[in-house]
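Examining the three-dimensional arrangement
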Amino acid sequence: MSNDAATAIPAVDGPQQELPTHGIGASLPSADARAKAEGTFPYASDLWAEGLLWAAVLRSPHAHARVVSIDTSAAVEMPGVRAVVTHADVPGNATYGRGVADRPVFAADLVRHHGEAIAAVAADHPDTARLAAAAIAVEYEVLDPVTDPEKAFAAPPLHPDGNLIRHIPLRYGDPEATGEVIVEGLYRIGRQDPAPIGAEAGLAVPRPDGGVEIYTASTDPHTDRDLAAACFGLSPDQVKVVVTGVPGAMGDREDPGFQIPLGVLALRTGCPVKLAATREESFLGHAHRHPTLLRYRHHADAEGRLVKVEAQILLDAGAYAEASPESLAAAVAFACGPYVVPHAFVEGWAVRTNNPPSGHVRGEGAMQVCAAYEAQMDKLAVRLGMDPAELRLRNVLATGDILPTGQTVTCPAPVAELLRAVREAPLPPLPKDSPEDDWLLPGGPEGAGEPGAVRRGVGYAVGMVHMLGAEGTDEVSTATVKVQDGVATVICAAVETGQGFSTLARQIVQETLGIDEVHVASVDTDQPPAGPATHGRHTWVSGGAVERAAKMVRTQLLQPLAHKFGMSTELLQIADGKITSYDGVLSTTVMEALDGKELWATAQCRPHPTEPLDEAGQGDAFVGLAFCAIRAVVDVDIELGSIRVVDMAVAQDVGRILNPAQLTTRIEAGVTQGIGAALTENLRTARGLVRRPDLTGYALPTSLDAPDIRIVKLVEERDVVAPFGAKAASAVPVVTSPAAVASAVRAATGRPVNRLPIRPQAAVAVPTV
């Protein structure tokens, strides 16, 4: 990663202008950045309460088993143990889930995945709680697990709802159409884990009215509250979720499976109960990216223009539905990528297995298909003898084109411009063949082979994601802006997960009201809901709500002045803390205009509605789209199969740059996460059992693995239906970068590279005779 990445201004369309120091367009730092850097920021694991008890959860050692009996007597009799709860002690609904309530709080008759919760203990010391959980005697009848998603169709039902969660057939165009050139491929995508910096933690505190308060790093507190309340047998107003510091989130914080046992224990004991998960519990308990099997057949004419795409997509949902229906919709809808395809026929399935549960992870569904359709484009380029970038340029989408779902692309779609930008960017220099540069070789100085065995490859990929919820999701957020004593406060239940919403909210109010000191209130469920922190929602929906509320306060502020001078508020402007009229007659400061007044307003933002995909996979299912192009440069030791990513050139359409430094950081982080999916990250299982669920067995990329990430172009073409015209920033580079790395490895080795992460044996070049 370039040393000046955090301060450099990326290339954008139009003339370069001096950046503002506050408001929209400023590189305003996060309000909590200093506290996080110094280690003083309060996370959920730092929570404390008087009379605190500690929780521990007993989890299944089997992937599939019948629960014959559970004996808690030894645990109950241990000194210091205050409560032991199982499925029989859940006071309300025994199951929960977003969309499909199919996941038990505690396993009752069957265990369906390794690490499923069986029981929970509350004790006066964390070690006592863990020892008591281990003392619970569970008799299992071990069953054969179903771990191959292809076999799930014919396997006995793993759940009363069956093994098939969703099937989407997409039919677009003429099924008899064919091309002069046909290429086929079979692709497998591994199980990427969100691997959060901080493992799950929380605190449940019983209330005098019989309710409970849950303090946790939730990213969707209102949904978590409603799910928990149903399991507690309480009404939603008897349960309050207070969001504590979230140490980053990419979907893994959406599972309330860690929170509900806490509440059950707090209600049972009448005491505050805290849970701090171990790293192993974190790996076993939260959802992962869907492992995916993809079969593709691409048809093209002799000039390289796509004629038809046929695909079969199979998502391994694991034991429960989670977010699989939504992930499958994205995979099927984007199966052809950001390309014009006259005819498309796609079959998509999401099935239950006895593997770990899958769910929301950045770019779910879209990342898996991007790796496959871009591999197909590389195969077509080889068959046609064409430059791979030129082949892509002949087929890319533009505004006004139609997706295979029948939806017209109405948002800016500068895919060709993005691809040209990365193709024309200067290539990095070749490494020198000298001992002091051994660390630049794949594998590093200790693992590197002969420099003569290193081959450089250049690969391309373009990707797309949808923004906001899809298929009829009612997207809405509510925000309140208050001004008192010259200080503005934003109240909105949009959780800051690292996407920068809190900073953006401050910038919006600064821009609209001319007030520099802006605070964003902490989040809890006493506030109106703002929805989950996924798909760039809060930049669009919650940011839009803040903007509307701030504009209403602006009107309240300006109306007395406008009335006094006999003009409309539209003829007044606020800039640099001053209020001036169009003719210069009026000039005063915002502070003088406030004159001690307290102003406030509440507003909502609700984007235009979408619709579910129909029985042919057709429908206007998405509010907006974002696109990215990446050129990857890799060095591969073709004898050892080791790979080093040298350079990633990124071009992205961002709609509007709201915070340059924050945007750069989000893109760099997304690219790095994608590199992990391409090369190292795979939560491996054996017959459904997670192998080495820790950070030594799960290989995350480190700073030494991060290449130079050069943002060569950011296209600022505003989406007119989005507040500020901005687009989501972090998911689309995650989607695109694994495909770009795989493309570069193909170019270096001549191997097909049909599996992610790329295994060393797949990068060893076949010797020529």
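First things first, this report covers the structure right here in the doc. Remember, predicted model here, so these are calculated numbers, not experimental data.

What follows covers the overall build of the protein. Each helix and strand counted, the protein has 16 helices and 31 strands in total. A globule of 769 residues ought to have a C-alpha radius of gyration of about 27 Å, and the protein, at 27 Å, matches this closely. Reported as C-alpha extents along the three principal axes, the dimensions of the protein are approximately 85 × 80 × 60 Å. Intrachain contacts of the protein at a sequence separation of at least 6 include 80% that bridge at least 24 residues. When the accessible area of the protein is evaluated, it comes to approximately 29,600 Å², of which 52% is carbon and sulfur surface.

With that settled, consider the pattern of salt bridges. According to the stated counting rule, one finds 34 salt bridges in the structure shown. Residue Arg-687 pairs with Asp-144 through a salt bridge whose shortest N-O separation is 3.7 Å. With Arg-687 in the loop between strand 28 (685-686) and strand 29 (689-690) and Asp-144 in the loop between strand 8 (137-142) and strand 9 (164-172), the pair connects residues that are 543 residues apart, well separated along the chain. Looking at Asp-144, the relative accessible area reads 64%, which means it is exposed. We note a salt bridge from Arg-644 to Asp-635, for which the minimum N-O separation is 3.9 Å. Taken together, the shared-partner salt bridges in this structure form one network comprising Glu-374, Asp-378, Arg-392 and Arg-746.

Attention shifts here to the sheet that holds strand 18 (residues 454-470). Across the sheet, four strands lie side by side as 18-26-27-30; this open sheet has mixed pairing. Edge positions in the open sheet fall to strand 18 and strand 30 (708-715), since each of these has one partner strand only. Each neighbouring strand pair of the sheet contributes to a mean axis angle of 20°, computed without reference to strand direction. Bridge count for strand 18 against strand 26 (residues 622-637) is 15 bridges, and the pairing is antiparallel. What sits directly across from Met-467, in strand 26, is Gly-624. Lying on the sheet, helix 10 (residues 415-424) is in contact with strand 18, strand 26, strand 27 (643-653) and strand 30; it crosses strand 26 at an angle near 20°. The sheet contacts of helix 16 (residues 731-749) involve strand 18, strand 26 and strand 27, and relative to strand 18 the element is tilted by about 155°.

The next thing to look at is helix 16. Note that an α-helix has 3.6 residues per turn; residues three or four places apart therefore point the same way. Between its terminal C-alpha atoms helix 16 stretches 29 Å, which fits the 27 Å expected from 19 residues at 1.5 Å a residue. Within helix 16, 18 of the 19 residues are buried, which leaves the element mostly enclosed by the surrounding structure. Positive backbone phi, approximately 75°, marks Gly-750, located one or two places after helix 16.

Its place among the elements puts Arg-112 in the loop between strand 6 (110-111) and strand 7 (117-123). Put simply, Arg-112 is tucked away with no salt bridge, and the nearest opposite charge, on Glu-116, sits 5.0 Å away. Side-chain polar atoms of Arg-112 contact the side chain of Tyr-320, separated by 3.4 Å. What Arg-112 contacts, discounting residues up to four positions off in sequence, is Ala-63, Pro-104, Leu-158, His-159, Pro-160, Ala-319, Tyr-320, Thr-353 and Asn-354.

To continue, consider the nonpolar core. Ranked by size, the top nonpolar core spans 172 residues in total, and within it Tyr-296 and Val-741 carry the most contacts. With near-sequence residues (within four places) excluded, Val-741 lies in contact with Ala-632, Val-634, Val-645, Met-648, Ile-675, Ala-678, Leu-679 and Ile-758. In terms of nonpolar packing, the next biggest core, distinct from the first, is built from 32 residues, Ala-122, Ile-214, Ala-228 and Ile-260 among them.

On to helix 4 (residues 221-232), then. Counted at 1.5 Å a residue, the expected span for helix 4 with its twelve residues is 16 Å, and the 16 Å between its end C-alpha atoms agrees. Taking burial as the measure, the twelve residues of helix 4 include nine buried ones, the bulk of the element. Structurally, helix 4 contributes buried residues whose contacts are with strand 4 (95-96), strand 12 (212-216), strand 13 (239-243) and helix 5 (259-269).

Every second residue of strand 20 (residues 487-492) is oriented toward a common face, the buried set being Ala-488, Val-490 and Cys-492 and the non-buried set Val-487, Thr-489 and Ile-491. One ladder, built from six bridges, connects strand 19 (residues 477-484) with strand 20; its direction is antiparallel. Its bridge partner lying in strand 20, Lys-482 is registered against Thr-489. Between strand 19 and strand 20, which pair antiparallel in sequence order, lie two residues; one of them, Asp-485, sits at a positive phi of approximately 55°. Pairing between strand 20 and strand 21 (residues 518-520): three bridges, direction parallel.

In the segment running from Leu-756 into Pro-757, the intervening peptide bond is cis, with an omega of -5°. Summarising the element assignment, Pro-757 is placed in the segment after strand 31 (755-756). Backbone geometry at Asp-576 places phi at a positive 55°, although glycine is not the residue there. Its location among the elements puts Asp-576 in the loop between strand 22 (572-575) and strand 23 (578-581).

In this section: the packing of helix 12 (residues 501-513) against helix 13 (residues 537-564). Between helix 12 and helix 13, whose axes approach to 9 Å, the crossing angle comes to 30°. With respect to each other, helix 12 and helix 13 are oriented roughly parallel. Seen along the crossing, helix 12 lies across helix 13 with a hand that is right-handed. Contact residues: Phe-501, Leu-504, Ala-505, Ile-508, Val-509, Thr-512 and Leu-513 in helix 12; His-538, Thr-539, Ser-542, Gly-543, Val-546, Glu-547, Ala-550, Lys-551, Val-553 and Arg-554 in helix 13. For the contact of helix 12 with helix 13, a count of residues per class yields nine nonpolar, five polar and three charged.

Inspection of the entire model under this criterion finds six aromatic pairs. Seen from their ring centres, Phe-153 and Trp-349 are 5.9 Å apart, and the 85° between their planes marks the pair as edge-to-face. A residue pair is termed long-range when its members are at least 10 positions apart, and Phe-153 in the loop between strand 8 and strand 9 and Trp-349 in strand 17 (residues 343-352) qualify at 196 residues. Given the relative accessible area of 45%, Phe-153 is considered partly exposed. Note on Tyr-339 and Tyr-373: the rings are 6.1 Å apart at their centroids and 90° apart in plane angle, and the pair reads as edge-to-face. One end of the pair, Tyr-339, is in the loop between helix 7 (324-333) and strand 17; the other, Tyr-373, is in helix 8 (residues 366-384), with 34 residues separating them in the sequence. Here the two residues Tyr-339 and Tyr-373 agree in accessibility, since each one is buried.

Attention now goes to the sheet that holds strand 6. In space, the three strands of this open sheet follow the order 6-2-8, with antiparallel pairing throughout. Each edge of the open sheet carries a strand with a single partner, namely strand 6 and strand 8. Here two bridges tie strand 2 (residues 65-71) to strand 6, and the two strands are oriented antiparallel to one another. Residue Ala-65 lies in a different strand from strand 6, and its bridge partner there is Val-111.

Right, let's talk about the packing of helix 15 (residues 660-679) against helix 16 for a bit. Following both chains from N to C, one finds helix 15 and helix 16 inclined at 45°, their axes separated by 7 Å at the closest point. Here helix 16 runs oblique to helix 15, going by the angle between their axes. Along this stretch, helix 15 crosses helix 16, giving a crossing that reads as right-handed. The segment helix 15 lies against helix 16, with Ile-667, Gly-670, Val-671, Gln-673, Gly-674, Ile-675, Ala-677, Ala-678 and Leu-679 engaging Pro-733, Val-734, Ser-737, Pro-738 and Val-741. Here the contact of helix 15 with helix 16 is composed, by residue class, of ten nonpolar, four polar and no charged.

Rules used throughout
Residues numbered from 1 in each chain as written. Predicted model: local features only at pLDDT ≥ 70, side-chain atom pairs only at ≥ 80, totals over all residues. Heavy atoms only, no water. Helix = DSSP H or I, 4+ residues; strand = E, 2+ residues; numbered from the N terminus. Rg over C-alpha atoms; globule rule 2.2 N^0.38 Å. Contact = heavy atoms within 4.5 Å. Areas by Shrake-Rupley, 256 points an atom, 1.4 Å probe, with all protein chains shown as cover. Salt bridge = Lys/Arg side-chain N within 4 Å of Asp/Glu carboxyl O. Buried < 20%, exposed > 50% of the residue type's maximum accessible area, 1.4 Å probe, protein only. Pairing = 2+ DSSP bridges. Axes fitted to C-alpha atoms, helices over the stretch in contact; angles between N-to-C directions. Expected span 1.5 Å × (residues − 1). Lys, Arg positive; Asp, Glu negative; His and termini not counted. Polar contact = N/O pair within 3.5 Å; in protein donor to acceptor, adjacent residues only side chain to side chain. Core = buried A, V, L, I, M, F, W, Y, C linked by side-chain atoms within 4.5 Å. Parallel < 35°, antiparallel > 145°, perpendicular 65-115°, else oblique. Left-handed = near helix turned anticlockwise from the far one by under 90°. Nonpolar A, V, L, I, M, F, W, Y, C, P; charged D, E, K, R; others polar. Phe/Tyr/Trp six-rings, centres within 6.5 Å; stacked < 30°, edge-to-face > 60°.

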